Amino acid sequence: MTALLEARGVTKRFGGLAAVSDVSCTVAEGSVTAVIGPNGAGKTTFFNCISGVAPPTSGEILFRGVPIARRAPHKIARLGIARTFQNIRLFRSMDATENVVAARHCRTGAGILDCLFRTRSERAEERNSRDIAAELLEFTGIGRWAASPAGSLPYGDQRRLEIARALATEPDLLLLDEPAAGMNPKESLDLVELIRKIAARGITVVLIEHHMKVVMGISTHIVVLDHGEKIAEGPPDAVRNDPRVIEAYLGKEDVS
Amino acid sequence: MTPFRAVLRVLLASAVAFAISIPFASVRSTAEAGFTFDLRPAGTIAGVVAAAAILGELVRLAGRYLGPGAPRDARPPFALPAKARGAALAAAALLVALVPLWSGSGTVTMATEAMIFAVIAVGLQITIGMAGLLVLGHAGFWAVGAYTYGLLTIHLGWSFWPAMAAGGVAAAAMGFMVGLPALRLRGDYLAVVTLGFGEAVRAVLKNENKWTGGDANLPSNLVPGQLRGVQGEIGQWIWQPYGTPGRNGDYECYLTALGLLALCIFSVVRLARSREGRALFALREDETAAKCMGVDTVRTKLLAFTSSAMWAGLAGALTAVQRDSLNPELFDFNTSILFVAMVVLGGLGSVAGAVLGAGALWILPPLLQDWFEDITLYRPLVIGALMAGMMVVRPEGLLGSRSRKAAG
Ligand SMILES: Nc1ncnc2c1ncn2[C@@H]1O[C@H](COP(=O)(O)OP(=O)(O)O)[C@@H](O)[C@H]1O
Ligand SMILES: [Mg+2]
């Protein structure tokens, strides 16, 4: 397996605080990688570095060997990295379909004149985007909400809509920030199933997750952060038994 | 929304208007007769409010299918087939175009002004309503268009159409330049910067005496009838029903304003329901998420600033023709606030709402002047109260989508 994403000494400082400190790791193509660690460990900040929302203070990030650490978020999205947000960031007053179609911005090219004159190519593009949106809403199991304002969806389905929207950008790498947060056990199980289906589509997944059942159930590789530093990395079984991990994080919880 | 509840809302609105207007409109104290009491003015106001409410309910219904974020192939159940709709629209436009033939010149002037304001409000909807960028100095772009037109026609002898286009281009360029520093600002800061821009434009126009005439006005309408830019036989044919030009080319202004408004509505509606418009709405809803979905926020914001300013500039050119002269004070901060009020009243992101807002805030006060003699004096107060009231009762505006509220 080749490395799809490679972080080299990624550091992000907020004033004196190093939220992410010299983190290096690789994400293999086709893998499901989990990033775990206690609250405030720097997991979300690491995602922000990768997606360009908060570029790293130092270090480099390579996507398919291309340096992306200082690129604008919309360019990174176009390269094939999509993400969801821990604190849901949907386009709340737009309906579910429009949310997904809006994310097609990445893969469509109609300019202002195409939009005003509704050229043949613009119309074809729109039709295609709507078809893709309908398909993705079904795929993520929220087809019945197609015409509902995003903000009015039940919490769990808002998280699913975030995933559908991210998928609409046709990513090679999908970053999921605590997708199961606030879900009940049944919903979490369904989510694991969805993530499996996404991986089966050939999309590499990196997810931040607290639910150990979710993490152990689907990840092929785990990266552990604590106080901004990477303290362990490896396959689930090895990480589970790593003494540093147990001390820093898992020791406080039921590991199974 | 059942029809029953819509009827109830209309009745309630007119009843409230009736009750409120009695003490103001129906009771008069005069020196000779003491207090007099006449219910008719209050009844008229209630009637006007009822008519407005019925119109509002209709447009609101339409708004569920045509409003912000509605999929563009959505059609109301009672929609006419495409051909019939086109015919109906054309007939309506023709009817409106013929209004000057039988209405008085005062009505024509007022309608022209209202349409010019509607163009500005619909254009402002792009920045404030769609992209969520609060622009408080929009009168500045209006002024740039008006003075560009005036200066080019007076000092360089340009004719109407090219000078009008130049007004739009100049304002668009100004919008682009104001947009550049504003890119890094959000919310209140952006509002302050644009406000400063508007005031700066006014100050320059006021203090520059040689070209703009400063306080002494720029005599803008040196060439009445110039609007008849279409010459020859075709031109004869187009303008012939309108007889000789009015004093200031009133009818031509009316027609051009109508055409500009139609063009403006058409293109902003298309923009709203296209890839670029969706990017604007996404920007308003969540800038970070929009970026991560591939929206180039710099480009999109500049597009909003530029196109929004362009419409104000085109409208400004028409204002320059329509007025006898241009005075910098016309383009002051109060006017900018009035524009924002039109957009907010109608509903953020709603094109129909902006037209309604412009009409309501420009036409209603003079109409009500018969009953409240000092109403124009109180306009800022009324607008302020209206805005505050809207925030409480209908934060999404008259025609805005309800979904934010539904989101809980
Ligand atoms: N924009 C910011 N400004 C200042 N500090 C921040 C910012 N974002 C995150 N932090 C800090 O960085 C640390 C890591 O936060 P975060 O990445 O959200 O942790 P996690 O997602 O692992 O819970 C926390 O101490 C947090 O307070
Ligand atoms: Mg986090």
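Before going into details, it helps to say that this report is about the structure given with it. Every chain is numbered independently, its residues counted from 1 as its sequence is written. To label them, take the chains in the order written and letter them from A, then take the ligands in the order written and number them from 1. This being a predicted model, a pLDDT of at least 70 is required before a residue's local features are given, and a value of 80 or more before pairs of side-chain atoms are given or counted; all residues contribute to the totals for chains, interfaces and linings. Each side-chain value is derived from all of the structure's non-hydrogen atoms; neither hydrogens nor water enter the calculation.

### Concerning the packing of helix α5 (residues 120–139) of chain A against helix α6 (residues 155–167) of chain A
Residues and elements named next belong to chain A. Note on definitions: angles span 0 to 180 degrees between N-to-C directions of axes, and those axes are lines fitted to C-alpha atoms, for helices only across the stretch in contact. Each helix corresponds to a stretch of at least 4 residues labelled H or I by DSSP, and each strand to a stretch of at least 2 residues labelled E; elements are numbered beginning at the N terminus. Interhelical geometry of α5 versus α6 gives an angle of 140° and a closest axis separation of 9 Å. Judged by the inter-axis angle, α5 sits oblique to α6. The hand of the α5/α6 crossing is right-handed. For the pair α5 and α6, contact is made by Leu136, Leu137 and Phe139 and by Leu161, Ala164 and Leu167, respectively. In this classification, the charged set is Asp, Glu, Lys and Arg, the nonpolar set is Ala, Val, Leu, Ile, Met, Phe, Trp, Tyr, Cys and Pro, and all remaining amino acids, among them Gly, are polar. Partitioned by chemical class, the residues of the contact of α5 with α6 number six nonpolar, no polar and no charged. An angle below 35 degrees is treated as roughly parallel, one above 145 as roughly antiparallel, one from 65 to 115 as roughly perpendicular, and anything else as oblique. In a left-handed crossing the near helix is turned counterclockwise from the far helix by less than a right angle, and in a right-handed crossing that turn is clockwise. Whether two residues touch is decided by their heavy atoms; if any such pair falls within 4.5 Å, the residues are in contact.

### A short note on α6(A)
One turn of the α-helix equals 3.6 residues, which is why residues spaced by three or four share an orientation. Compared with an ideal rise of 1.5 Å per residue, which puts 13 residues at 18 Å, α6(A) spans 19 Å between its outermost C-alpha atoms and is within 8% of the ideal. Only protein chains enter the accessibility calculation, which uses a 1.4 Å probe; a residue whose area is less than 20% of its type maximum is buried, one above 50% is exposed, and one in between is partly exposed. The buried count for α6(A) comes to 12 of 13 residues, which makes it a mostly enclosed element. Regarding α6(A), the residues found buried are A:Gly156, A:Asp157, A:Gln158, A:Arg159, A:Arg160, A:Leu161, A:Glu162, A:Ile163, A:Ala164, A:Arg165, A:Ala166 and A:Leu167. Here the buried face of α6(A) lies against β6 (81–83), α3 (96–103), α5, β7 (173–177) and α7 (185–200) of chain A together with α11 (287–292) of chain B. Under the convention used throughout, the expected extent of a helix is 1.5 Å for every residue step, that is, one less than its residue count.

### Concerning the pairing of strand β3 (residues 32–36) of chain A
The side chains of a regular strand alternate between the sheet's two faces. Residues and elements named next belong to chain A. A large share of β3 lies buried, amounting to five of its five residues. Residue alternation in β3 divides its side chains into two sets, Val32, Ala34 and Ile36 and Thr33 and Val35, and both sets are buried. As paired strands, β3 and strand β8 (residues 204–208) are joined by four bridges and run parallel to one another. Bridged to Val32 within β8 is Val205. As defined by bridge partners, β3 adjoins strand β9 (residues 221–226) across four bridges and the pair is classed as parallel. Paired with Val35 across the bridge in β9 is Val223. For two strands to pair, DSSP has to find at least two bridges joining them.

### What about the side chain of A:Thr11?
All names here are of chain A. As for its position among the elements, Thr11 is in strand β1 (residues 3–14). Looking at Thr11, its side chain comes within polar contact range of the main-chain nitrogen of Asp22, at 3.0 Å. Beyond its immediate sequence surroundings of up to four residues, Thr11 is in contact with Val20, Ser21, Asp22, Pro56, Thr57 and Ser58. Under the rule applied, a polar contact is a pair of N or O atoms within 3.5 Å (in protein, one hydrogen donor and one hydrogen acceptor; residues adjacent in sequence only if both atoms are side-chain atoms).

### Brief notes about the interface of chain B and chain A
Contact residues are listed per partner, giving 33 residues for chain B and 39 residues for chain A. For the chain B and chain A pair, buried surface summed over both sides reaches about 3300 Å², with 58% attributable to carbon and sulfur atoms. Salt bridge, as applied in this entry: a Lys or Arg side-chain nitrogen positioned within 4 Å of an Asp or Glu carboxyl oxygen. The interface formed by chain B and chain A holds three salt bridges in total. Salt-bridge contacts for B:Arg278 lead to A:Glu126; the nearest nitrogen and oxygen are separated by 2.7 Å. Mapped by element, the contributors of at least two residues to the side of chain B that touches chain A are α9 (250–272), α10 (275–285), α11 and α16 (403–406) of chain B. The leading source of residues in the side of chain B that touches chain A is α10(B), at eight residues. Taken together, the residues of the side of chain B that touches chain A break down into 14 nonpolar, six polar and 13 charged. For any pair of parts, buried area is found by adding up, for both, the accessible area (1.4 Å probe) each one loses once the two are put together.

### Digging into the site of ligand 1
Residues and elements named next belong to chain A. Here a residue counts as near a molecule or strand whenever at least one of its heavy atoms sits within 4 Å of it. Lining the immediate environment of ligand 1, one finds Phe14, Leu17, Ala19, Pro38, Asn39, Gly40, Ala41, Gly42, Lys43, Thr44 and Thr45. Here an oxygen atom of ligand 1 sits 2.7 Å away from a polar atom, N or O, in the side chain of Thr44. What sets the accessible areas is the Shrake-Rupley method with a 1.4 Å probe; for residues, cover comes only from the shown protein chains. Coverage of ligand 1 by the protein amounts to 58% of the 560 Å² it exposes when considered alone. Residue assignment for the shell around ligand 1 shows that the elements contributing at least two residues are β2 (17–28) and α1 (43–51). Ranked by the residues each element gives to the shell around ligand 1, the list is headed by α1, at three residues. A breakdown of the residues in the shell around ligand 1 according to their chemical character gives five nonpolar, five polar and one charged.

### Description of the packing of aromatic side chains
The geometry of two aromatic rings is summed up by the distance between their centres and the angle between their planes. Residue and element names in this part refer to chain B. The rule is short: rings of Phe, Tyr and Trp, with Trp giving its six-membered ring, pair when the centres are within 6.5 Å, and they are stacked under 30 degrees, edge-to-face over 60, tilted in between. In total, this model carries seven aromatic pairs over all chains according to the counting rule given. Their ring planes at 50° and their centres at 5.7 Å tell us that Phe117 and Phe339 sit as a pair that is tilted. Separated by 222 residues along the polypeptide, Phe117 in helix α4 (residues 105–130) and Phe339 in helix α13 (residues 333–346) bring together distant segments of the chain. Ring centres of Trp142 and Phe331 lie 4.9 Å apart, and the angle between their planes is 70°; on these two criteria the pair is classed as edge-to-face. Of this pair, Trp142 sits in helix α5 (residues 139–155) while Phe331 sits in the loop between α12 (297–322) and α13, placing them 189 residues apart in sequence.

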